[in-house]
Amino acid sequence: MNDSTNAATPSDDEQVVERLVPVWLAEAERNGSPTAAEAAKDWRQRHRRLTDDAARELADWVTARVTDTGFNEDEGPSPAGPARISVADKAAVHRWLAAHGHEV
């Protein structure tokens, strides 16, 4: 069996980031994050780039927001939120950040 068929590609990671960054930015802006406005501007105007501060906030956010843990209803609640975030999504965001020169 070849494990490479299950390996994530950079484009897979990019798709996850494209799905989750707008959710993160909206939440950060609602919560008055000082980094949010600048991060949103950078994301739109700098061709999907983030400052180091914004990258750290995104990495922390995606880690804290993992909602798809594989627990069933008997094992724990399913956190509500605007996006389902799996452990694989978190890993994809972290890989994408690292590939773009950010320490995660």
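Residues numbered from 1 in each chain as written. Predicted model: local features only at pLDDT ≥ 70, side-chain atom pairs only at ≥ 80, totals over all residues. Heavy atoms only, no water.

**Some points on the packing of aromatic side chains**
- Enumeration over the complete set of coordinates arrives at one aromatic pair.
- Plain terms: the ring middles of Trp43 and Trp96 are 5.8 Å apart, the flat faces sit at 65° to each other, and that makes the pair edge-to-face. Taken together, the residues span a long stretch of sequence, with Trp43 in helix H2 (residues 36–45) and Trp96 in helix H4 (residues 87–99) at a distance of 53 residues. Comparing Trp43 with Trp96, the two get one shared label, buried. (Phe/Tyr/Trp six-rings, centres within 6.5 Å; stacked < 30°, edge-to-face > 60°. Helix = DSSP H or I, 4+ residues; strand = E, 2+ residues; numbered from the N terminus. Buried < 20%, exposed > 50% of the residue type's maximum accessible area, 1.4 Å probe, protein only.)

**Quick word on the pattern of salt bridges**
- According to the stated counting rule, one finds five salt bridges in the structure shown.
- Put simply, Arg48 and Glu18 hold a salt bridge, and the shortest N to O gap is 3.1 Å. Taken together, the positions of Arg48 in the loop between H2 and helix H3 (52–64) and Glu18 in helix H1 (residues 10–30) put the pair 30 residues apart, joining distant regions of the chain.
- For Glu18, a relative accessible area of 29% puts it in the partly exposed group.
- Of the charged contacts, one joins Arg56 and Asp53 as a salt bridge, the two residues approaching to 2.3 Å between their closest N and O atoms. Separated by three residues within a single helix, Arg56 and Asp53 lie in helix H3, roughly one turn from each other.
- Assessed through its relative accessible area of 45%, Asp53 is described here as partly exposed. (Salt bridge = Lys/Arg side-chain N within 4 Å of Asp/Glu carboxyl O.)

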